[in-house]
Amino acid sequence: MNNPRIAPYRIDVPQTALDDLRDRLRRTRWAPDLPGTGWERGVPTAYLRERAAYWADGFDWRAQEAALNAYPQFTTTIDGANVHFLHVRSAEPAAVPLLLLHGWPGSVVEFLDLIGPLTDPVAHGGTPADAFHLVIPSLPGYGFSGPLPGPGWTDGRTAAALAELMARLGHDRYLVQGGDVGAFIAPLIGRAAPEHVAGVHVNALLTFPTGDPAVMAGLSEAERGRLAGMEKWQRELGAYMNLQGTRPQTIAAALHDSPAGQLAWIVEKFKDWTDPAAKLPEDAVDRDRLLTDVSVYWFTGTAGPAAHTYYERFNDAAAWAPKPRGTVPTAVAVFPTDFSVRPLAEQAHNVVRWSEFDRGGHFAALEAPDVLVAELRAFQRSLR
């Protein structure tokens, strides 16, 4: 890539860091399980001990590192922050640029199973017209982008930085896909650069009541059920969000020092948020892929910086202020654990496609990559 502001990057975790991880895991001071309890109170220690033992003595980080390094990676500095990204070009000359955005507790690891089908569709049941050039960044403050240079990195600032990244790469017209945190940021990129964003695709989109009585009165029973589900989620499963959004540095002290704690903090989400048909996290997501994601947070020391982005979101008045409806064509994919409500989404976004699926969950790219690939292909076709 012939741009002096963009440098090639290769993941190379020092052996000393691997040895330190194994040593810490083996010396973990385990919290006792409360007899007669299970997942309803958090990650059971018996389960966590088994996963930590495999992370220490069975998991092959070097193999996962090599799998990531099989794709071209780069870093660049935007608005004072380091931004790491994969840039995987298709061999198809008419391929459409696509920016893929992970969420929390995610990373670029989420998208590994999408790269082949999206860049080389002919080899994966598609046509040349289904091809994409992929840009897959580590969000500022996450993973290989490393810690942020200071406070103030709101979702809007991140959106502006990623729009600049696409411009710096020469992608003048592109699509954006995001889930979780990425579903906050992707529409903001459309708002920041509507002349460059041809379409926005989101999953795990949160939709909030606006107080319009007519809209609320018109909701179906199923839509009211989703709103009730979101309220229950906030009451029973939102502790991580409130802690990261109010006291990120406190939780950072624990997660930065204890890999077992980091594992518990993330694996809990893969239990709570994945397809309800999955009894355990590894029933929904490959065990090694999940541990690769956890390892990225551990080796980069970004549990704290990622948590600080929640503080910015909680304290960003612009994020919650009323704003004009977005104009960029937007597609919403709804998986079984999502709470998206179409009439509420349509108040904020120019929704042109709404798709609901009966399998998969919050981590769609990891749980149902084939579904997400088909969705992105169909959305791209609809915009031609």
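Not measured: the values here are computed from a predicted model.

Caption draft 1: The arrangement of helix α3 (residues 61-69) in detail. Buried residues of α3: W61, Q64, E65, L68 and N69, and no others. Down the axis of α3, the smallest arc covering the buried residues is 140 degrees, so these residues share one side. Taken together, the buried residues of α3 touch α1 (15-26), β2 (73-78), α4 (112-119) and α13 (287-300). If you check the start of α3, you find a side-chain oxygen 3.2 Å away from the backbone N of R62, and it comes from D60.

Caption draft 2: Inspection of the environment of T154 at higher detail. Mapping T154 onto the fold places it in the loop between β5 (132-137) and α5 (155-168). A relative accessible area of 17% means that T154 is categorised as buried. For the pair T154 and L372, spaced 218 residues apart in the sequence, the C-alpha separation amounts to 27 Å. Those residues in contact with T154 that sit more than four places away from it in its chain are E312 and D316. A polar atom in the side chain of T154 sits 3.2 Å from the backbone nitrogen of R157.

Caption draft 3: Highlighting the packing of aromatic side chains. Overall, the coordinates contain 16 aromatic pairs when judged by the stated rule. Their ring planes at 70 degrees and their centres at 6.4 Å tell us that Y142 and Y297 sit as a pair that is edge-to-face. Placement of the pair is Y142 in the loop between β5 and α5 and Y297 in helix α13, with a sequence separation of 155 residues. The class for Y142 is buried, based on a relative accessible area of 2%. Taking the centre distance of 6.1 Å and the plane angle of 80 degrees together, the rings of F208 and W320 count as edge-to-face. Here the residue F208 occupies a position in the loop between β7 (197-203) and α7 (213-217), and W320 occupies one in helix α15 (residues 317-320), the gap between them amounting to 112 residues. For F208, a relative accessible area of 33% translates into the label partly exposed. Members of the aromatic cluster, joined through ring pairs, are W104, W233, Y240, F270, W273, Y310 and F363. When the ring centre of Y54 is taken as origin, the NZ or CZ atom of R287, which lies over that ring, is 3.6 Å away.

Parameters at a glance
- Residues numbered from 1 in each chain as written.
- Predicted model: local features only at pLDDT ≥ 70, side-chain atom pairs only at ≥ 80, totals over all residues.
- Heavy atoms only, no water.
- Buried < 20%, exposed > 50% of the residue type's maximum accessible area, 1.4 Å probe, protein only.
- Helix = DSSP H or I, 4+ residues; strand = E, 2+ residues; numbered from the N terminus.
- Arc of directions from axis to C-beta.
- Contact = heavy atoms within 4.5 Å.
- Polar contact = N/O pair within 3.5 Å; in protein donor to acceptor, adjacent residues only side chain to side chain.
- Phe/Tyr/Trp six-rings, centres within 6.5 Å; stacked < 30°, edge-to-face > 60°.
- Lys NZ or Arg CZ within 6 Å of the ring centre and 35° of its normal.

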